[in-house]
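Inside the fold
So the chains spell out like this:
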Amino acid sequence: MAFEGLANRLQNTMAKIRGKGKVSEADVKEMMREVRLALLEADVNYKVVKDFIKKVSERAVGQEVMKSLTPGQQVIKVVKEELTELMGGEQSKIAVSKRPPTVILMAGLQGAGKTTTTGKLANYLRKKHNRNPLLVAADIYRPAAIKQLETLGKQLGMPVFSLGDKVSPVEIAKQALEYAKNEHHDYVLIDTAGRLHIDENLMDELKQVKEAANPDEIFLVVDAMTGQDAVNVAKSFHDELGITGVILTKLDGDTRGGAALSIRAATGAPIKFAGMGEKLDALEPFHPERMASRILGMGDVLTLIEKAQENVDQEKAKQLEEKMRTMSFTFDDFLEQLEQVRNMGPLDELISMLPGAGKMKGLKNIQVDEKQLSHVEAIIRSMTKEEKEKPEIINASRRKRIAKGSGTSVQEVNRLLKQFEEMKKMMKQMTSMTKGKRKGFKFP
Ligand code: GDP
């Protein structure tokens, strides 16, 4: 998971101060030393770290903390607020032109994920904002780029405007805009050429395309895994081109997070979206506050709820609750549940959004084995209808048959049956608990 090292270190530091009834200047100093090291180790730009520490220190020894009844928690609040501010404060929205189409220029170095992100962004605009984007293939140098965008367009069922690789990007942009107006596209996403390094030709060409297309947004796609380099690339592009926003890709990987934390402060350009995987729906608006909360182990319940609302059928969820209450939960329900959760994204990512997940014993080092999950699915699918409803009838010979049918082993079948039994027991306990007084959700 991204930010893992940073999150662990910061959370350990915060734990030391959380319950303190009195916070001295020396406490703050000691804590800031640890925070500073944690940030530097996460590859955050040293100037950014220096500023951050200064701001937090000033506030932490100030009135708002010292006079508070819970100074320990107050310091943590300050850290969270400043971390949020560092990443841009408010979430930065995507522009909407008063005179459609809204034009977005996509720029970035080769391999950063520019073409994929162009597809993801188009998908996002259609799905979340009900827009009708046109994709424009203006990377005429990388031989496969046009084809790649066309393939993405096909997958998404969206048109791709291309004039091949013999027409200049400026001309392509101009004609694409005409086409978009005639065909009533409200967004135009122009995929421009990437290079391995920043060079003058590339910048000149981008400037010309900018002039011709007069974009509402210029998004720079940068790979979060490249750390400090991402910050330098963003700076150069910003100086030359005046970008309006950054899209950080590969935040699903185990990046140390330095780029996400430095880019805004170092360039002034807001991070607008984060790429969280290779699939076309793996693009999320970047919420500085939620990210800060995740890093500090306070979870990101809002994103989790949003994901659940998008992917979980509310009607089915109600039925499921009823089944849990009446203890009539079957393997079919289990399978359905599994599928719904899987639609929400990789499990370890979901777990990381739970408050205190980093501190929960057992959860911290959880490695969700997707292969094992497929085995579970295969086992359930190899059961008969009756077996799914009444697992108690699954005797030794049935277990053997199920193992064979699912290409797994009898041990695995046994394990699943046992887990299912335990899960039912747990549900029973939980339902009897919630029948009593419902307890509020408490942050750690
Ligand atoms: P371009 O040269 O900048 O156009 O880069 P591509 O769009 O071809 O992407 C380069 C590689 O990065 C591809 O294998 C993509 O699947 C991958 N990629 C792009 N965005 C993400 C992301 O958010 N997460 C992960 N894990 N991979 C990504």
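Residues numbered from 1 in each chain as written. Predicted model: local features only at pLDDT ≥ 70, side-chain atom pairs only at ≥ 80, totals over all residues.

Looking at the overall build of the protein chain
Across its full length, the protein chain holds 20 helices and eight strands. Its C-alpha atoms give the protein chain principal-axis dimensions of roughly 70 × 60 × 35 Å. Burial status across the protein chain gives 41% buried among its 444 residues. Partitioning the intrachain contacts of the protein chain with sequence separation of at least 6 by distance along the chain shows that 73% fall at a separation of at least 24. (Helix = DSSP H or I, 4+ residues; strand = E, 2+ residues; numbered from the N terminus. Buried ≥ 20, exposed ≤ 12 C-beta atoms within 10 Å, placed from the backbone. Contact = placed C-beta atoms within 7 Å.)

What about the site of the ligand?
Every one of the 19 residues lining the ligand counts as a neighbour, but Gly 113, Lys 114, Thr 115, Thr 116 and Gly 275 are closest to it. Considering every element that reaches the shell around the ligand, the biggest residue donor is helix α6 (residues 114-129), with four residues. Here the shell around the ligand is built from residues that sort into three nonpolar, 12 polar and four charged. (Near = placed C-beta within 6 Å. Nonpolar A, V, L, I, M, F, W, Y, C, P; charged D, E, K, R; others polar.)

Considering the environment of Leu 280
Examined against the element boundaries, Leu 280 turns out to sit in the loop between β7 (271-275) and β8 (283-285). When the C-alpha positions of Leu 280 and Gly 119 are compared, they lie 6.7 Å apart, and in sequence the two are 161 residues distant. Sequence-distant contacts of Leu 280, that is, excluding residues within four places in its chain, are made with Gly 119, Lys 120, Asn 123, Gln 155 and Leu 156.

Some thoughts on the UniProt feature "domain: SRP54-type proteins GTP-binding" (unreviewed entry) in the protein chain
UniProt annotation of "domain: SRP54-type proteins GTP-binding" (unreviewed entry) refers to residues 270-283 when read in the numbering used here. Spanning residues 270-283, this segment combines 0% helix with 43% strand, and its end C-alpha atoms are found 16 Å apart. (UniProt positions renumbered as here; feature names shortened; annotations may be inferred.)

Here we look at the nonpolar core
Counting 98 residues, the largest nonpolar core has Val 136, Val 188 and Ile 190 as its most contacted members. In this structure, Val 136 is in contact with Phe 161, Ile 172, Ala 173, Ala 176, Val 188, Leu 189, Ile 190 and Asp 191, ignoring residues within four places of it in sequence. Within the second largest apolar cluster, nine residues are counted, among which are Phe 334, Val 376, Ile 402 and Val 413. (Core = buried A, V, L, I, M, F, W, Y, C linked by C-beta atoms within 7 Å.)

Topic: the pairing of strand β4 (residues 187-191)
In terms of burial, β4 is largely enclosed, as five of its five residues are buried. Of the two faces of β4, the one holding Tyr 187, Leu 189 and Asp 191 and the one holding Val 188 and Ile 190 are both buried throughout. The sheet contact formed by strand β2 (residues 133-137) and β4 spans five bridges and is parallel. Residue pairing across strands places Pro 133 opposite Tyr 187, the latter belonging to β4. (Pairing = 2+ DSSP bridges.)

A short note on the sheet that holds β4
Reading across from one edge, β3-β2-β4-β1-β5-β6-β7-β8 is the order of the eight strands in this open sheet, with mixed pairing throughout. Taken across any chain shown, the strands that pair with only one partner, and hence form the sheet edges, are β3 (160-161) and β8. Contacts from helix α7 (residues 143-156) reach β2, β3 and β4, with the element oriented near 160 degrees to β2. (Axes fitted to C-alpha atoms, helices over the stretch in contact; angles between N-to-C directions.)

Quick notes on helix α5 (residues 71-86)
For α5, with 16 residues, the first-to-last C-alpha span of 22 Å sits near the 22 Å given by 1.5 Å per residue. Tucked inside the fold, the buried residues of α5 contact α1 (4-18), α2 (25-41), α3 (46-60), α4 (63-66), α11 (258-267) and α12 (288-295). Count one or two residues on from α5 and you reach Gly 88, which has phi positive near 120 degrees. (Expected span 1.5 Å × (residues − 1).)

Concerning the environment of Ala 176
Of note, Ala 176 is situated in helix α8 (residues 169-182). Since 27 C-beta atoms lie within 10 Å of it, Ala 176 is described here as buried. As for Ala 176 and Ala 137, which are separated by 39 residues in sequence, their C-alpha atoms are 9.3 Å apart. What Ala 176 contacts, discounting residues up to four positions off in sequence, is Leu 134, Val 136, Phe 161, Val 188 and Ile 190.

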